[in-house]
Amino acid sequence: MLVIPPKYSHDIALGHQPQVLIAANAVNGTKGSIGSTYLAQIVINDNLNSRISPFNSQLSTFNFHFSTLNLYNPHQNYKVFMIPALLAIVMMLMCGFLPALNIVGEKETGTIEQINVTPVSKWSFILAKLIPYWLIGLFIVTVCLLLAWGIYGITCQGPLWLVYLLAMLLALFFSSFGLIISNYSNTMQQAIFVMWFFVVCLMLLSGLFTPTRSMPDWSYATTYINPMHYFIDAVRTVFVRGGGFSSIAHQVVALTVFALVMGTWAVASYKKNN
């Protein structure tokens, strides 16, 4: 965004040096840097062209001074940008891989037959499998937040309950996803390989390490069905920029839909006649 002050052209005509404000959303650092550089070049070229005399093609002496003010990460510390997003990897490992090994492990040992002959409903069985991992996930998120504050001095700029809300939704998705893989797998090795294939794709295409806008069109289209992308975008908005619920409403809705669909699928895919 370019903010032009009053009497901008008048000051240029008098030989003064008017100041303009270039405000760039640099949560996506690469995109913000490129955009602000392009806009600064446009302003410079406009000033130079306006100072060319119609009778003399020589440019008068004109000095440009740039001052940069970073609003959300003033020291350009990459930890401020990366630590919130790393919560997604922690939730993926704790609430994704462990449930994926749960039911398939019982299949290999034969203990799944004991639960299949009981009158326990599928919903009760799946919830009993998921709730412990949700509690572990919330505990791990709390530990990560304390470590970020104690070691790096990084604290959440927005409402902290939004971070827990996003973590719970992502935990519900990955735990349900892990149980789905576990329901369709026959061995632990098979479940690990299938889970690893999907989580690597979700992680690399989520915008965790590189901006999603720099991806090709076909790979950028996958971010619309990538729950990690919604989580990382939302948690950075809350953690770094101090955004509220209205700033991440569409990410919360998307994560809720993903979580409900996967939870329903996890229950439907479990068959008590295994």
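## Here we look at the packing of aromatic side chains
- Counted under the stated rule, the structure contains 9 aromatic pairs.
- Aromatic side chains Phe 173 and Phe 177 sit 5.9 Å apart centroid to centroid with 5° between the ring planes, which places their arrangement in the stacked category. With Phe 173 and Phe 177 both in helix α7 (residues 160-184), this residue pair falls 4 residues apart, about one helical turn. Take Phe 173 and Phe 177: they sit in the same class, and that class is buried.
- A ring pair is formed by Phe 173 and Phe 258, whose centres lie 6.3 Å apart and whose planes are at 75°; its orientation type is edge-to-face. Of this pair, Phe 173 sits in helix α7 while Phe 258 sits in helix α11 (residues 249-269), and the two are 85 residues apart along the sequence. Per residue, the accessibility class of Phe 173 equals that of Phe 258, and both read buried.
- Through pairs of rings, three or more aromatic residues link up here, namely Phe 173, Phe 174, Phe 177, Phe 197, Phe 198, Tyr 230 and Phe 258.

## Considerations on the nonpolar core
- Within the largest apolar cluster, 63 residues are counted, with the highest numbers of intra-cluster contacts made by Leu 166, Phe 174, Met 195, Met 228 and Phe 231.
- Listed by contribution, the elements that provide at least two residues to this core are α3 (78-100), α4 (102-109), α6 (122-152), α7, α8 (188-204), α10 (227-239) and α11.
- Among the elements that make up this core, the one with the highest residue count is α7 (14 residues).
- Excluding its chain neighbours within four sequence positions, the residues that come into contact with Phe 231 are Leu 87, Ala 88, Leu 166, Ala 167, Leu 170 and Leu 255.

## Thoughts on a nonpolar patch on the surface
- Taken together, the side chains of Trp 123, Leu 127, Ile 131 and Leu 135 define a hydrophobic patch exposed on the protein surface, amounting to about 400 Å² of accessible area.
- Secondary-structure assignment places Ile 131 in helix α6.

## Considering the side chain of Gln 251
- Inspection of the secondary structure assignment puts Gln 251 in helix α11.
- Relative accessible area serves as the criterion here: at 2%, Gln 251 is assigned to the buried category.
- The residues contacting Gln 251, other than those within four sequence positions of it, are Tyr 230, Asp 233 and Ala 234.

## A closer look at the packing of α3 against α4
- Contact pair α3 / α4: the axes reach a minimum separation of 4 Å and the direction vectors enclose 20°. When the axis of α3 is compared with that of α4, the two are roughly parallel. Where α3 approaches α4, its residues Leu 98, Pro 99 and Ala 100 are matched on the opposing element by Asn 102, Ile 103 and Val 104.

## Notes on the confidence of the model for the chain
- Averaged over every residue, the pLDDT of the chain is 80; the share at 70 or more is 88%.
- Per-residue pLDDT stays below 50 along residues 52-62; that stretch engages in 8 contacts with residues further than four places along the chain or on separate chains.

## Quick word on α10
- In this model α10 runs 18 Å from its N-terminal to its C-terminal C-alpha over 13 residues, within 8% of the 18 Å that 1.5 Å per residue would give.
- Here α10 lies mainly inside the structure; 12 of its 13 residues are buried.
- Regarding α10, the residues found buried are Pro 227, Met 228, His 229, Tyr 230, Phe 231, Ile 232, Ala 234, Val 235, Arg 236, Thr 237, Val 238 and Phe 239.
- Buried-residue contacts for α10 involve α3, α6, α7, α8 and α11.

## Here we look at the packing of α10 against α11
- Axis separation between α10 and α11 bottoms out at 9 Å; the angle between their running directions is 145°. The two elements α10 and α11 cross, and the hand of that crossing is left-handed. Contacts from Pro 227, Tyr 230, Phe 231, Asp 233 and Ala 234 in α10 reach Gln 251, Ala 254, Leu 255 and Phe 258 in α11.
- In the contact of α10 with α11, the residues fall into 7 nonpolar, 1 polar and 1 charged.

## Quick word on α11
- With 21 residues, α11 extends 30 Å from end C-alpha to end C-alpha; this agrees with the ideal 30 Å at 1.5 Å per step.
- Buried residues belonging to α11 abut α6, α7 and α10.

Rules of the game
Residues numbered from 1 in each chain as written. Predicted model: local features only at pLDDT ≥ 70, side-chain atom pairs only at ≥ 80, totals over all residues. Heavy atoms only, no water. Phe/Tyr/Trp six-rings, centres within 6.5 Å; stacked < 30°, edge-to-face > 60°. Helix = DSSP H or I, 4+ residues; strand = E, 2+ residues; numbered from the N terminus. Buried < 20%, exposed > 50% of the residue type's maximum accessible area, 1.4 Å probe, protein only. Core = buried A, V, L, I, M, F, W, Y, C linked by side-chain atoms within 4.5 Å. Contact = heavy atoms within 4.5 Å. Patch = residues over 30% accessible without salt bridge, like charges linked within 9 Å, V, L, I, M, F, W, Y side chains within 5 Å. Areas by Shrake-Rupley, 256 points an atom, 1.4 Å probe, with all protein chains shown as cover. Salt bridge = Lys/Arg side-chain N within 4 Å of Asp/Glu carboxyl O. Axes fitted to C-alpha atoms, helices over the stretch in contact; angles between N-to-C directions. Parallel < 35°, antiparallel > 145°, perpendicular 65-115°, else oblique. pLDDT = per-residue confidence, 0-100. Expected span 1.5 Å × (residues − 1). Left-handed = near helix turned anticlockwise from the far one by under 90°. Nonpolar A, V, L, I, M, F, W, Y, C, P; charged D, E, K, R; others polar.

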